[in-house]
Amino acid sequence: MSFSQAGSRRAGLLAALAVAAGLLSACAGTPVFRFPSSQPLGSTRAEVLSRLGPPTATYALAAGERLQYSFLPAGTAVYNLDLDAQGRLQRIDQPLEKNRLDTDLVIDQTQAADIRRRYGAPVRVDHVARFEGDVWVYRFLDLNEAFYAYLHLDPQGVLRRVVYQQVRDSGERLLR
């Protein structure tokens, strides 16, 4: 390699480093809002959608709308972003936690529509021999341990039973 080729390579490398440094310094003062839980309260619907993209589901609320961002089936979290009637973000909630499941789910009362509005679509729907109906399966973390929640819904869509199972060294990578 000649002296001029080495010099031009060095100049190109320095230019690339300068561009990278400029980009990094420009980003240093800019907050990152690309994750559902990092959305600033008071943001408009349009601002949330521009940062996060389309939600996995939307639901009408009594006084507004819910934008739901689910990381299932590969992950373990569902984020509900609740907007008021004016379309401003009022609340962010991640309900897939054992204590929340135990509190929110009421045997013989909770309906399938309520479950879907709160937790999104299940990882999968199973059937078992001794139960007539669907078993909705959700994956979640409890104290950094992976669990499955099996929600038994009768043919009318009423919750009849909840069973938890810890995921044991399956080699699965769980994403939040």
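Our structure is the block above this text.
Thresholds applied
Residues numbered from 1 in each chain as written. Predicted model: local features only at pLDDT ≥ 70, side-chain atom pairs only at ≥ 80, totals over all residues. Heavy atoms only, no water. Salt bridge = Lys/Arg side-chain N within 4 Å of Asp/Glu carboxyl O. Helix = DSSP H or I, 4+ residues; strand = E, 2+ residues; numbered from the N terminus. Buried < 20%, exposed > 50% of the residue type's maximum accessible area, 1.4 Å probe, protein only. Pairing = 2+ DSSP bridges. Axes fitted to C-alpha atoms, helices over the stretch in contact; angles between N-to-C directions. Contact = heavy atoms within 4.5 Å.

Caption draft 1: Looking closely at the pattern of salt bridges. Per the counting criterion, the structure on display carries twelve salt bridges. In this structure, lysine 98 and aspartate 102 form a salt bridge, with 2.8 Å as the shortest nitrogen-oxygen distance. Taken as a pair, lysine 98 and aspartate 102 lie in helix α3 (residues 98–104) at a separation of four residues, close to a single helical turn. We classify lysine 98 as partly exposed; its relative accessible area is 25%. Of the charged contacts, one joins aspartate 126 and arginine 124 as a salt bridge, the two residues approaching to 3.1 Å between their closest N and O atoms. Assessed through its relative accessible area of 33%, arginine 124 is described here as partly exposed. Linked by salt bridges that have partners in common, Arg66, Asp82, Arg91, Asp93, Arg100, Asp104 and Arg118 make up one network.

Caption draft 2: Local environment of the sheet that holds strand β8 (residues 159–166). Read across the open sheet, the four strands follow the order β5-β6-β7-β8; overall the sheet is antiparallel. Only two strands of the sheet have a single neighbouring strand rather than two, namely β5 (124–126) and β8. Mean inter-strand twist for the sheet, computed between neighbouring axes without regard to direction, equals 30°. The pairing of strand β6 (residues 134–142) with strand β7 (residues 145–153) spans nine bridges and is antiparallel. Bridge pairing links aspartate 134 to leucine 153 in β7. Sheet strands in contact with helix α4 (residues 112–119) are β6, β7 and β8, and its direction is about 30° off that of β6.

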